[in-house]
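Next come the chains, spelled out residue by residue.
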Amino acid sequence: MTHPSLSRRHLLQLAAASASALWLPRSAWSQPRIGSNPFTLGVASGSPLHDSVVLWTRLLPADINSLGTEPVTVRWELAHDEQFKRVAHSGQAQATAQLGHSAHVEVGGLEPDRWYFYRFMLGGSNDGVGNDWVSPTGRTRTLPAPDAPASSLRLAYASCQRWEHGHYSAWRHMQAEQLDLVLFLGDYIYEYAGAQNAVRPVTGGFTVSLADYRARYALHKSDAALQGAHAMCPWLVTWDDHEVQNDYATLQAGTGGPEVADFAARRDAAYQAYYEHMPLRASVLTRALQSTVSGSEMRIYNQVRFGKLANLYLLDNRQYRDPPVCTQGGKLGSSTVKVEDCKAWSDPARSQLGMVQERWLDDAFSRADTSKNAGWNVLGQQSLLGRRDFETGPGTTMWNDGWDGYSAARNRLTGSMQKNRLSNAVVLGGDVHENWVGHVKTDYDKPGSESVGVEFCGTSITSRAFPGGHEKIPEYLAENPHFVFADAKAKGYGVAHFTPDKLTTTLRAVSDVNRQDASIQTLAKFEVKAGLSLVEIA
Ligand code: FE
Ligand code: CA
């Protein structure tokens, strides 16, 4: 399959249509009578630029049949104030059954560097007087203009929110962090049918079909704390493997759950459900039309600029990767690997981002400002970048699914950072369910090699770390001296506060992931002065 399928084209048309506010003539509006609240999944905003932002909701009343089969017209308002007295923009969007009754509104023409409030409305309630259903109110913002100075950016990075592994108190506490942005770095859902010692049950079994994935997203988005986190500020999102299947690579299936005859179809369904539930632009789909990548691409990697203060690069290291090599027992999926016994380990032909995305990133780096007052270059990506050798002493044992398993590609990435003199590079990641903080090295095998950035990875919102890891942390830190801090116990998120002179990163940890009423505390705090001197300050 080298071209998008017809159904994919149809999907693109639907997405473009529902994102453009003025698509259907008034006579075509459909306003079914909805007997119960259709806004049960809350609202979200995301993919912000200096002049536009995406507003999102998905209609899911208790009686889904009451939505009918025709496109449903949802009205929306974006205002300067929380009471919606000064409405800046308003319009309609179509929520179609084919896209799970999701609505994506791309509001343009906004003022840069400004906060707004938004809400959705749907007519036809059964209260006898025809009052509208009104969604919760969301708060969103535009970014500073690309060439404008900006004095402060506060973002949270978070990942891995396995439902059955805990409660979302992290999302509740995050709402007090006064954030400009949330960077979500993958594993928004997990495809599993459940877990041992589950804190709360998932509904449905393994997710395979479009209906399965939709139901799993709906389950997550039923959580009030997560809804609140979406409503507080815009999100930038990327995915990892579990939005489709554990350890999948491009169009090669991973492991766990039923074997599916047509993995490409499963991935299509999963990607569509992802689009339906995230505040993404229709262009993530339409760019695929120009693509020569096989399968139905969803182009979510992207670069956005927060004024002169920061370039944000959002990467996708799952959709285009070569499969992991030397997995134990010759199986699909991942494992630790004795590197000395694996010939293909550092094969330069293998890529994690895919060669197209690698070139795109190298090109973006080459155009980044390198002047004395250049801002921060922030990479939001899925996994731990730094080398993690689990074997004390001369031998080397590493995990083959992370960057370690793509060491030549990692050298190209850090080589590009070095070659382009990328200023103040900060790598943010997830995936490992543990906190790791360290220096990004041009050659991880040589502790004296140049540092070209700093890294803050993890932890997870809820997902469990591998058992037994915490006791070994001192050993791992000694073996991998580019790291300055690690913790395998805490669940939570990180807050990165960028100013022109320094970055302050605070690792935030919930007291008990098993409790909805968990408290929050600071696990550790770091300062990175522009020029990349990294110190722990608390
Ligand atoms: Fe995860
Ligand atoms: Ca070793």
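Placed above this text is the structure.
Treat the numbers as computed from the prediction; the structure is a model and nothing was measured.

How each quantity is defined
Residues numbered from 1 in each chain as written. Chains lettered and ligands numbered in written order. Predicted model: local features only at pLDDT ≥ 70, side-chain atom pairs only at ≥ 80, totals over all residues. Heavy atoms only, no water. Donors = N, O, S within 2.8 Å, 3.2 Å for Na, K, Ca; no water. Pairing = 2+ DSSP bridges. Helix = DSSP H or I, 4+ residues; strand = E, 2+ residues; numbered from the N terminus. Axes fitted to C-alpha atoms, helices over the stretch in contact; angles between N-to-C directions. Disulfide = S-S within 2.5 Å. Buried < 20%, exposed > 50% of the residue type's maximum accessible area, 1.4 Å probe, protein only. Tetrahedral: all angles 85-135°; square planar, octahedral: opposite > 155°, others 65-115°. Core = buried A, V, L, I, M, F, W, Y, C linked by side-chain atoms within 4.5 Å. 1 Å grid on protein atoms, 1.4 Å probe; cavity = no way out; pocket = protein on both sides within 12 Å on 5 of 7 lines; lining within 4 Å. Points joined across faces, edges and corners; volume = space filled by probe spheres on them. Nonpolar A, V, L, I, M, F, W, Y, C, P; charged D, E, K, R; others polar. Phe/Tyr/Trp six-rings, centres within 6.5 Å; stacked < 30°, edge-to-face > 60°. Left-handed = near helix turned anticlockwise from the far one by under 90°. Contact = heavy atoms within 4.5 Å. Parallel < 35°, antiparallel > 145°, perpendicular 65-115°, else oblique. Expected span 1.5 Å × (residues − 1).

Regarding the coordination of the calcium ion (ligand 2)
Item 1. The protein atoms donating to the calcium ion (ligand 2) are Asp389 (OD), Glu391 (O), Gly393 (O), Gly395 (O) and Glu479 (OE), with metal-donor distances spanning 2.2 to 2.4 Å.
Item 2. Between consecutive donor residues of the calcium ion (ligand 2), the sequence gaps follow D-x1-E-x1-G-x1-G-x83-E.

Details of the sheet that holds strand 20 (residues 483–487)
Item 1. Taken in spatial order, the seven strands line up as 12-13-15-17-19-18-20 in an open sheet, and their pairing is mixed. Looking at strand neighbours, the two that pair on one side only are strand 12 (302–306) and strand 20, the edges of this open sheet. Neighbour-to-neighbour, the strand axes of this sheet turn through a mean angle of 20°, independent of strand direction.
Item 2. Of the strand pairs in this sheet, strand 15 (residues 376–380) and strand 17 (residues 425–429) are connected by four bridges, and their pairing is parallel. Residue pairing in the sheet places Gly380 in a bridge with Leu428 of strand 17.

Digging into the state of the cysteines
Item 1. Scanning the model with the defined rule gives one disulfide in all.
Item 2. Put simply, Cys326 and Cys342 are joined by a disulfide, and their sulfur atoms are 1.9 Å apart. Across the disulfide from Cys326 to Cys342, rotation about the S-S bond amounts to roughly 80°, and the bridge is consequently right-handed. With Cys326 in the loop between strand 13 (310–314) and strand 14 (336–338) and Cys342 in the loop between strand 14 and helix 7 (355–367), this pair connects stretches of sequence that are 16 residues apart.
Item 3. We classify Cys326 as partly exposed; its relative accessible area is 37%.
Item 4. Taking relative accessible area as the criterion, Cys342 reaches 5% and is therefore assigned buried.
Item 5. Sulfur of Cys233: no disulfide; nearest cysteine sulfur belongs to Cys160 and is 19 Å away.
Item 6. A residue is classified by how much of its surface remains accessible, and Cys233, at 0% relative accessible area, is buried.
Item 7. Summary of cysteine pairing: Cys457 is not part of a disulfide, and the nearest cysteine sulfur, belonging to Cys160, is at 8.8 Å.

Here we look at the coordination of the iron ion (ligand 1)
Item 1. With distances of 2.0 to 2.5 Å, the protein atoms coordinating the iron ion (ligand 1) are Cys160 (SG), Asp187 (OD), Tyr190 (OH) and His433 (NE2).
Item 2. One way to put it: the four donor atoms around the iron ion (ligand 1) meet at angles of 84 to 170°, and that makes the site irregular.
Item 3. Spacing between the donor residues of the iron ion (ligand 1) along the chain follows C-x26-D-x2-Y-x242-H. Of the two residues, Asp187 and Tyr190, both sit in the buried class.

Regarding the nonpolar core
Item 1. Grouped together as the largest cluster of nonpolar side chains are 51 residues, with contacts concentrated most on Trp171, Met174, Trp235, Tyr274, Tyr275, Leu280 and Met298.
Item 2. If you tally residues by element for this core, the top one is helix 5 (residues 263–277), at seven residues.
Item 3. Counting residues in hydrophobic clusters, the runner-up holds 32 residues, among them Leu143, Leu155, Trp376 and Ala524.

What about the layout of surface pockets?
In this approach the atoms are scanned with a rolling probe the size of a water molecule, which exposes any empty space left behind.
Item 1. As a volume, the largest pocket reaches approximately 800 Å³.
Item 2. What lines the largest pocket is a set of 34 residues, and nearest its centre among them are Trp399, Asp431, Val432, His433 and Phe466.
Item 3. For the lining of the largest pocket, the class distribution of residues is twelve nonpolar, twelve polar and ten charged.
Item 4. In this model, the second largest pocket occupies a volume close to 260 Å³.
Item 5. If you go around the second largest pocket, you meet 18 residues; those closest to its centre are Arg305, Asn311, Arg367, Ala368 and Asp369.

So, the pairing of strand 19 (residues 451–457)
Item 1. Strand 19 sits mainly inside the fold: six of its seven residues count as buried.
Item 2. When strand 17 meets strand 19, the two strands line up parallel, connected through four bridges. Residue Gly429 lies in a different strand from strand 19, and its bridge partner there is Cys457.
Item 3. As paired elements, strand 18 (residues 435–441) and strand 19 share six bridges and run antiparallel to each other. The residue of strand 19 that forms the bridge with Lys441 is Ser451.

Let's talk about the packing of aromatic side chains
Item 1. Using the criterion set out here, one finds 21 aromatic pairs in the structure.
Item 2. Geometrically, the ring pair formed by Phe184 and Tyr188 is edge-to-face, given 5.3 Å between the ring centres and 70° between the ring planes.
Item 3. Ring centres 5.7 Å apart and planes at 45° place the aromatic pair Tyr248 and Phe263 in the tilted group. Placement of the pair is Tyr248 in the loop between strand 11 (235–237) and helix 5 and Phe263 in helix 5, with a sequence separation of 15 residues.

Topic: the pairing of strand 15
Item 1. Among the five residues of strand 15, five are classified as buried, and the element is accordingly described as predominantly covered.
Item 2. Covered by surrounding structure in strand 15 are Trp376, Val378 and Gly380 together with Asn377 and Leu379, the residues of both alternating faces.

Considerations on the packing of helix 3 (residues 210–221) against helix 5
For any two helices packed against each other, the geometry comes down to the angle between their axes and how far apart the axes lie.
Item 1. The N-to-C vectors of helix 3 and helix 5 enclose an angle of 35°; their axes lie 8 Å apart at closest approach. Crossing angle aside, the handedness with which helix 3 passes helix 5 is right-handed. Every residue of helix 5 that contacts helix 3 at Leu210, Tyr213, Arg214, Tyr217, Ala218 and Lys221 is listed here: Arg266, Ala269, Ala270, Gln272, Ala273, Tyr274, Glu276 and His277.

Notes on the packing of helix 7 against helix 8 (residues 407–419)
Item 1. Interhelical geometry of helix 7 versus helix 8 gives an angle of 15° and a closest axis separation of 9 Å. With respect to their mutual orientation, helix 7 and helix 8 come out roughly parallel. Considering only the axes of helix 7 and helix 8, their crossing is right-handed. Contacts between helix 7 and helix 8 involve Met355, Glu358, Leu361, Asp362 and Phe365 on the former and, on the latter, Ala409, Arg412, Leu413, Ser416, Met417 and Lys419.
Item 2. Class assignment of the residues belonging to the contact of helix 7 with helix 8 gives a composition of six nonpolar, one polar and four charged.

Points about helix 3
Item 1. Between the first and last C-alpha of helix 3 there are 16 Å, a value that for twelve residues agrees with the 16 Å anticipated at 1.5 Å per step.
Item 2. Looking at helix 3, one finds that the buried residues are Tyr213, Arg214, Arg216, Tyr217, Ala218, Leu219, His220 and Lys221.

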